[in-house]
Amino acid sequence: MKNYKITNLKSKAVYYLTEPQKDQFFKINNIYDTKTKKYNYNLQDVQILKNIKFNKKLENIIFSIICVCIMLALYLGLCELLAFIDRITLN
């Protein structure tokens, strides 16, 4: 059974409802206001929100690993450059 996060766009109230509860909720409340031509509620699937949060954490970890690898490569390149300069100046 799916869970939904429903946010009232006017009052910023948040509701966490299951699928049958969501259907009953929108029988009572209109999701779209025809007078102002604006949506009253924002509807999001909780599982998708969890996946988005997990993907952001994963992206941060991968970004950190890539940055460490680049810094390590630059450090090793600098060490090789200094060793090369040292060999040239000793001869």
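See the structure above.
Scope of this entry: the structure provided in the associated data block. Predicted model only: the values in this text are computed from it and were never measured. (Residues numbered from 1 in each chain as written. Predicted model: local features only at pLDDT ≥ 70, side-chain atom pairs only at ≥ 80, totals over all residues. Heavy atoms only, no water.)

From N to C terminus, the protein chain includes two helices and five strands. Ordered by position from the N terminus, the helices and strands of the protein chain form the series β-β-α-β-β-β-α. A globule of 91 residues ought to have a C-alpha radius of gyration of about 12 Å, yet the protein chain, at 27 Å, is considerably larger. Counting only C-alpha atoms and orienting by the principal axes, one finds that the protein chain spans roughly 90 × 30 × 15 Å. Within the protein chain, the proportion of its 91 residues that are buried is 13%. For the protein chain, the proportion of contacts with a sequence separation of at least 24, taken over those separated by at least 6, is 39%. Summed over its atoms, the accessible surface of the protein chain is roughly 7900 Å², and 63% of this surface lies on carbon and sulfur atoms. Taken as two groups, the 14 positive and 7 negative side-chain charges of the protein chain have centres that lie 14 Å from each other. (Helix = DSSP H or I, 4+ residues; strand = E, 2+ residues; numbered from the N terminus. Rg over C-alpha atoms; globule rule 2.2 N^0.38 Å. Buried < 20%, exposed > 50% of the residue type's maximum accessible area, 1.4 Å probe, protein only. Contact = heavy atoms within 4.5 Å. Areas by Shrake-Rupley, 256 points an atom, 1.4 Å probe, with all protein chains shown as cover. Lys, Arg positive; Asp, Glu negative; His and termini not counted. Charge placed at Lys NZ, Arg CZ, Asp CG, Glu CD.)

Across all of its chains, the model carries one salt bridge by this definition. With its nearest N and O atoms 3.5 Å apart, the salt bridge here joins aspartate 23 to lysine 22. According to the relative accessible area criterion, aspartate 23 is partly exposed, its value standing at 40%. (Salt bridge = Lys/Arg side-chain N within 4 Å of Asp/Glu carboxyl O.)

So, on to the pairing of strand E1 (residues 3-8). With five bridges connecting them, E1 and strand E2 (residues 14-18) associate as antiparallel partners. Across the sheet, residue asparagine 3 finds its bridge partner in E2, namely threonine 18. Sheet topology note: the E1/strand E5 (residues 41-45) ladder contains five bridges and is antiparallel. Counted as the bridge partner of threonine 7 is asparagine 42 from E5. (Pairing = 2+ DSSP bridges.)

The next point concerns the packing of aromatic side chains. Going through the model one piece at a time under the given rule, you end up with five aromatic pairs. Plain terms: the ring middles of tyrosine 15 and phenylalanine 25 are 5.4 Å apart, the flat faces sit at 50 degrees to each other, and that makes the pair tilted. Taken together, the residues span a long stretch of sequence, with tyrosine 15 in strand E2 and phenylalanine 25 in helix H1 (residues 19-28) at a distance of 10 residues. Of the residues examined, tyrosine 15 reaches a relative accessible area of 32% and is grouped as partly exposed. (Phe/Tyr/Trp six-rings, centres within 6.5 Å; stacked < 30°, edge-to-face > 60°.)

As for its position among the elements, glutamate 80 is in helix H2 (residues 46-90). A relative accessible area of 53% means that glutamate 80 is categorised as exposed. Distance from glutamate 80 to lysine 27, taken between C-alpha atoms, is 71 Å for residues 53 residues apart in sequence.

This part covers a nonpolar patch on the surface. A cluster of nonpolar side chains, namely Phe54, Leu58, Ile62, Ile66, Ile70, Met71 and Leu74, defines an oily patch on the protein surface of about 700 Å² accessible area. Relative to the elements of secondary structure, isoleucine 66 occurs in helix H2. Given a relative accessible area of 44%, isoleucine 66 falls into the partly exposed group. (Patch = residues over 30% accessible without salt bridge, like charges linked within 9 Å, V, L, I, M, F, W, Y side chains within 5 Å.)

Turning to the environment of valine 68, a few remarks are in order. Relative to the elements of secondary structure, valine 68 occurs in helix H2. Separated by 56 residues in the primary sequence, valine 68 and lysine 12 place their C-alpha atoms 41 Å from one another.

Function cannot be read off these values alone, since they describe shape.
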